[in-house]
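Reading the structure
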Amino acid sequence: MSPRATLVCGDLGAGKTTLITELLRKRKAATVVENECGDIAIDDALLAPSVTVRGCACCEGRRALVRALLSVRSQEVFVETSGVAEPGPIAKLFFVEPALRGRFCLWSVIVVVDAVTFPEVSVGAVRFADAVVINKADLVDRQKLAMVEAGIRRLTKARIAKTVRGVGFKLKRGFYLERAVACDPLFFGYNVPAPDHDVDFLCLNNLGDVSQTQLAKLAKLVSITACLEEQGLLRFKAILNVRDHGTFLFQAVRNYAADGLFLRVPTAQSSRLIFIGHNLDKPRLRHSLRDIFPTEVREVAS
Ligand SMILES: Nc1nc2c(ncn2[C@@H]2O[C@H](COP(=O)(O)OP(=O)(O)OP(=O)(O)O)[C@@H](O)[C@H]2O)c(=O)[nH]1
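Residues numbered from 1 in each chain as written. Predicted model: local features only at pLDDT ≥ 70, side-chain atom pairs only at ≥ 80, totals over all residues. Heavy atoms only, no water.

An unreviewed UniProt entry lists the protein chain under the name CobW C-terminal domain-containing protein, with Chrysophaeum taylorii as the source organism. You can read under Catalytic activity (unreviewed entry) in the UniProt record for the protein chain the words "GTP + H2O = GDP + phosphate + H(+)". (UniProt positions renumbered as here; feature names shortened; annotations may be inferred.)

So, in C-alpha cells, the structure goes:
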C-alpha cells in the first residue's frame, strides 16, 4: 500500500503546526514536510522528524516539495503548507508530477481556519478541503463560533470540526479525485500560473545569543508593529537563544499573541526571526532591528 499523504493548509498562524503536533501524538512514525514561505524556517524547531521546504510549495517551492516527498521513507506523511499556499496546486502535484504519480495515496486535505480572524479566510482553500478545522474555539464566544461555522458551511459541504489546539480532530480519508476535479476544472493543468500571494517577509538570521534587554526591546517592537500595522502584520516568529536561559519560540499572530508569547524549545538552535505581512514598513523595521541587534543582524534576502 502506498504511503498516505495528508495536506494541512490554512492561513498564517491558524494552527497548522499545532494540529499536526496533536495528530503526531498517535503517529510517532509519521514524517512532516514543513513548507515555510519565508527564507528561514522556524516551525521545524517544533516538529520532528521534519523536512523543510523553502518557498511556497504551491508556486516557487514546487520542485523542492517534490524532492522532499521523494525522500520520505515512512508510511505516513503530513505536508504543512505555507500559510499563503493554495491546496489545489499542491494536491495536483501528486497526480500530474511524473515522479510522484502513484507513489502516495493522497488521504486528506485539511484546512485550518482561525476562528479569531474569520471571515478573513481563503475561500478557494476552504472549497477545496475535505475537512475544515475551525481552530482557536477558546478565543471566541459561542456566538462568533456559530457565525464562523455557518460562514464555512455556506462555502462547503466538507466535514467541519471545531477545536482548541486541534484536540479531538479525527483524521479520516476524505480526498477523492472526482471531487477535486469538480472543484477545480483545471486540476490536471500543470502549467497554470502560480497565484500571486502579495506577502512581504523580513528575515534575520544568525542573531547569536540574545540578552534579556534585547528580548524586551524585541517584544516591544513586535507589539508596536502589530498596532501600527494592524492591517499589515500577519505573523511574527522567532527562535531565540536567550543568554543563560535556553532556546525559546517567540511568536505573534496579527495583533494578538495567541497564547503565552514564549515556548521553550528542547534543542538549542541558532537565533533567527521573521516578520510576515502585507506592505510591511521594512525601513522602519530594519532601523529598529539594527538598534536592538547592532552588530549581529544578517538579513536574509527575499
Ligand atoms: N489559544 C489558542 N492558541 C492556539 C490554538 N491553536 C494554536 N494556537 C497558537 O497560535 C499560534 C499559531 O499556531 P501555529 O500552530 O504555529 O499556527 P500555524 O498555522 O502553524 O502558523 P504558520 O506556520 O506561521 O502559518 C501559536 O502560538 C499556537 O500556540 C488554539 O486553539 N487556541
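Additional details are given in the paragraphs that follow.
Our next topic: the pattern of salt bridges. As enumerated under the stated definition, the model contains eight salt bridges in all. The partner of Lys-136 in a salt bridge is Asp-114, and the shortest N-O contact between them spans 2.9 Å. Of this pair, Lys-136 sits in the loop between strand 6 (131-135) and helix 5 (142-155) while Asp-114 sits in strand 5 (residues 105-114), and the two are 22 residues apart along the sequence. Here the two residues Lys-136 and Asp-114 agree in accessibility, since each one is buried. (Salt bridge = Lys/Arg side-chain N within 4 Å of Asp/Glu carboxyl O. Helix = DSSP H or I, 4+ residues; strand = E, 2+ residues; numbered from the N terminus. Buried < 20%, exposed > 50% of the residue type's maximum accessible area, 1.4 Å probe, protein only.)

Let us now look at the nonpolar core. By size, the foremost hydrophobic cluster in this structure holds 58 residues, and its most contacted members are Leu-7, Val-33, Leu-65, Leu-69 and Ile-152. Contact partners of Leu-65, with chain neighbours within four places excluded, come to Val-33, Val-53, Ala-57, Val-79, Ile-90 and Leu-93. Leu-218, Phe-236, Leu-273 and Leu-280 belong to the second largest nonpolar core, which has 24 residues in total. (Core = buried A, V, L, I, M, F, W, Y, C linked by side-chain atoms within 4.5 Å. Contact = heavy atoms within 4.5 Å.)

With that settled, consider the packing of helix 7 (residues 212-228) against helix 8 (residues 282-292). It is at 10 Å that the axes of helix 7 and helix 8 come closest, and there the two elements cross at 165°. With respect to helix 8, the element helix 7 is oriented roughly antiparallel. Pair helix 7 / helix 8 crosses with right-handed handedness. Facing Gln-214, Lys-217, Leu-218, Leu-221, Thr-225 and Leu-228 of helix 7, the residues of helix 8 in contact are Arg-284, Leu-285, Ser-288, Leu-289 and Ile-292. For the contact of helix 7 with helix 8, the residue count by class is six nonpolar, three polar and two charged. (Axes fitted to C-alpha atoms, helices over the stretch in contact; angles between N-to-C directions. Parallel < 35°, antiparallel > 145°, perpendicular 65-115°, else oblique. Left-handed = near helix turned anticlockwise from the far one by under 90°. Nonpolar A, V, L, I, M, F, W, Y, C, P; charged D, E, K, R; others polar.)

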